[in-house]
Amino acid sequence: MKRYDVIVVGGGPAGVSAAKAAGRTGAKTLLLEKAPTIMANKPCGQAVSQETLQTAEVKPEPSIVLHRAYALVYAPNLNYVKIDRIGFLIDKSRLLQYMAAQAAEYGAEIHVREEVQDVKIEDEVVKVKTNRGEYEASILIGADGYNSTVARSLGITEKSEPIPTVQYLMVNCNIKYPDAVRFYLGNKIAPGGYAWIFPHNEKIAEVGIGVRGAPSKEYLDAFVKRFDDELGKAQIIDYRGAPVPIGGLISEPIRDRVMLIGDAAGTVIPLTGAGIHSSIAAGLAAGRVAGEAAQEGNSSRERLSEFYILYKPWIDRIKKSLKVMRALEKMSDDELNLLAEILSDQDILDLANGLDILRVAKKLATHPIFAVKLVKAIT
Ligand SMILES: Cc1cc2nc3c(=O)[nH]c(=O)nc-3n(C[C@H](O)[C@H](O)[C@H](O)COP(=O)(O)OP(=O)(O)OC[C@H]3O[C@@H](n4cnc5c(N)ncnc54)[C@H](O)[C@@H]3O)c2cc1C
C-alpha cells in the first residue's frame, strides 16, 4: 500500500489548490479525481472577481479569461444597479488545469479516473480505497464537493443548506450586453434565490437559476421566456443541475487527520452562491497546514485547526453574507425594489460578499422599513 503525507480527494477549485499548497510545503501529496479529466465537472456560471486569479496565482491570460465583465443587478421591477468593478468570465476548466500544473510542479502526484469509494481511520493512519487501489495517508483533505464521499465514509452527516440550481448553456443567442453578468432577484422570478445570464459573448451564454421550495427547471424556463429578443432563437447545448451549499460553513470541518473544504464543507459565499474564490482560498490554507503538520508528525485536530486562523477572513465573510441572505429572504418584492433604489453599487458588493456590512447598516439605520428588517438582522 503506497503511503503519502497528504491525500486530497477531488480536483475542483478546492482540491487542486490544496494539492498545490501541500506539495509546496514538500509533503508527499496525492490528488485523486474520479472524472477522466481535471476540468469543470459540475455546472458553473464561471464568473469570478479579479482577485480570484490573484489568489490562484494565475495570470489573467486570454486562454483563461473569456472577457472582462461588469455586473447588472436587477430588482423585481427590473430597475437595475450597475456595478462597474470589473470581474472576469472565465474558462473554469482551463483555470483548474493551470492550477493542476502548478500542483504537479510542486511535486503533487495526480490520478484522474480514480474514484474514492471508502475512507477509514485505523491505527493512526487514513486508509483510502479507490476503484483502482488502496493508499495510506497521514492527513486526508476531502475536497470532493457537496455530496462528499469522504464525509459520508467518516460518518460526518452535517451539511450546509443547499439551494438546487439548474443551468443551460445557450447558443444562437442575441445578447444585448455581452460584457455584463446579469443577476435577477424577486420572489416571482426566483423565490429564495436568483436567476442569471452570464454571457461568453453575444451568441453564447450561461443562463441559470437557483430557487428554494419551488421547481428550479420550471422557473428557469419561465425566466428564459421573458427574453424573447435575446433568447427566443437560442438552443440549449448543455443542461445540468447541482446543489450549491449556501448555509455557511459546517460546524466541524476539521477533525483528527481529516479536513473538509470547498463545497464539502460549505465555504460558498451564501448570498451570491459564488464558491470558486473561497474554495481556492480554503484549498491553499488547508493544503499548507496539512503539508506542514504531516511532516511534523502531528495530524491532530488541534494542529490542523490552524486552518481556522489562515481562513478567518473568509469565515467572517461567509457568516456576514449568510446574515444578509437570511434578512433578504424574508423581504417582499416591493421591499426589494425599494432597497435597490437606496443602495449604491458598493453597498450591494459589500452586502453580497459579506464585506463592510456595518457601513451599509449605518446608512440604513434610520430608514423606517430597513432599520428593523435589515439592520437589526445583520448587526
Ligand atoms: C449552476 C452553478 C453555477 C455556479 N456559478 C458560479 C460562479 O459563477 N462563480 C463562482 O464563484 N461559483 C459558482 N458556483 C459555485 C462553484 O462552482 C463551487 O462552489 C465550486 O466549484 C466548489 O469547488 P469544490 O472544489 O469545493 O467542489 P467541486 O467543484 O464540486 O469539485 C469537486 C471535485 O471532486 C470530484 N469528486 C467527487 N467525488 C469524488 C470521489 N469520490 N473521488 C474522487 N473525486 C471525486 C468531482 O468530480 C469534482 O471534480 C456555481 C455552482 C453551480 C452549481
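Just so it is clear, the model here is predicted, and its values are computed rather than measured. (Residues numbered from 1 in each chain as written. Predicted model: local features only at pLDDT ≥ 70, side-chain atom pairs only at ≥ 80, totals over all residues.)

## Re the overall build of the protein
No. 1: Scanning the protein for helices and strands turns up 14 helices and 16 strands.
No. 2: Against the 2.2 N^0.38 benchmark of 21 Å for 379 residues, the protein shows a C-alpha radius of gyration of 21 Å, consistent with a compact globule.
No. 3: C-alpha extents for the protein along the principal axes are approximately 60 × 45 × 35 Å.
No. 4: Residues classed as buried in the protein amount to 49% of the 379 residues present.
No. 5: When contacts within the protein are restricted to residue pairs at least 6 apart in sequence, those whose partners lie at least 24 apart make up 71%. (Helix = DSSP H or I, 4+ residues; strand = E, 2+ residues; numbered from the N terminus. Rg over C-alpha atoms; globule rule 2.2 N^0.38 Å. Buried ≥ 20, exposed ≤ 12 C-beta atoms within 10 Å, placed from the backbone. Contact = placed C-beta atoms within 7 Å.)

## Considerations on the domain arrangement of the protein
No. 1: Here the protein is described as being made up of domain 1 (2-44 + 92-160 + 247-310), domain 2 (67-89 + 164-245) and domain 3 (320-378).
No. 2: Distance from the C-alpha centre of domain 1 to the C-alpha centre of domain 3: 35 Å.
No. 3: The partner domain 3 presents seven residues to the five residues of domain 1 that form the contact.
No. 4: Looking at the side of domain 1 that touches domain 3, its residues break down into three nonpolar, two polar and no charged. (Domains from an automatic or database assignment. Nonpolar A, V, L, I, M, F, W, Y, C, P; charged D, E, K, R; others polar.)

## Brief notes about helix α14 (residues 370-378)
Because an α-helix completes one turn every 3.6 residues, residues spaced three or four positions apart along the sequence face the same direction.
No. 1: For α14, the full list of buried residues reads F370, L374, V375 and I378. Axial view of α14: buried residues confined to an arc of 85°, hence all on one face. Structural note: α14 exposes V372 and K376 on the side pointing more than 90 degrees away from its buried face.
No. 2: Against the buried residues of α14 lie α10 (312-328), α11 (333-342) and α13 (357-364). (Arc of directions from axis to C-beta.)

## Quick look at the sheet that holds strand β3 (residues 47-49)
No. 1: In space, the eight strands of this open sheet follow the order β3-β5-β4-β11-β12-β13-β10-β14, with mixed pairing throughout. Two strands bound the open sheet, and with one partner strand each, they are β3 and β14 (235-245). Across the sheet, the mean angle from the axis of one strand to that of its neighbour is 30°, orientation sign disregarded.
No. 2: Relative to strand β12 (residues 194-199), strand β11 (residues 180-184) runs antiparallel, the two sharing three bridges. For Y184, the partnering residue across the bridge sits in β12 and is A195.
No. 3: The strands touched by helix α12 (residues 345-352) are β4 (65-74) and β5 (80-90); relative to β5, the strand with the most contacts, the crossing angle is about 55°. (Pairing = 2+ DSSP bridges. Axes fitted to C-alpha atoms, helices over the stretch in contact; angles between N-to-C directions.)

## Looking at the packing of helix α1 (residues 13-24) against helix α7 (residues 276-296)
No. 1: Where α1 meets α7, the closest approach of the two axes is 7 Å, and the angle between their N-to-C directions is 30°. What the angle tells us is that α1 and α7 run roughly parallel. As α1 runs across α7, the sense of the crossing is right-handed. Contacts between α1 and α7 involve P13, A14, G15, V16, S17, A18, A19, K20, A21 and A22 from the former and I276, S279, I280, A282, G283, L284, A286, G287, R288, A290 and G291 from the latter. (Parallel < 35°, antiparallel > 145°, perpendicular 65-115°, else oblique. Left-handed = near helix turned anticlockwise from the far one by under 90°.)

## Observations concerning the site of the ligand
No. 1: Near the ligand there are 39 residues, and of these G10, G12, G45, G262 and G275 occur at the shortest range.
No. 2: If you list the elements that add at least two residues to the shell around the ligand, you get α1, β3, β10 (162-171), β14 and α7.
No. 3: Of the residues contributing to the shell around the ligand, the split by class is 16 nonpolar, 17 polar and six charged. (Near = placed C-beta within 6 Å.)

## Side note on the environment of A286
No. 1: In this fold, A286 is placed in helix α7.
No. 2: A sequence separation of 113 residues divides A286 from C173, and the C-alpha atoms of the two residues are 41 Å apart.
No. 3: If we ignore the near neighbours within four places in the chain, the residues touching A286 are A18, I141, M259, I261 and F307.

## Here we look at unusual backbone geometry
No. 1: A positive phi angle is found at Q46, which is not glycine, with a value near 65°.
No. 2: When you line up the elements, Q46 lands in the loop between β2 (29-32) and β3.

## Considerations on the pairing of strand β13 (residues 205-210)
No. 1: Of all six residues in β13, six are buried; the element is thus mostly enclosed.
No. 2: Of the two faces of β13, the one lined by A205, V207 and I209 and the one lined by E206, G208 and G210 are each fully buried.
No. 3: In this sheet, β13 lies alongside β12 in antiparallel orientation, the contact comprising six bridges. By the bridge assignment for β13, A195 is matched with I209.
No. 4: The antiparallel hairpin formed by β12 and β13 contains five residues in its connecting segment.

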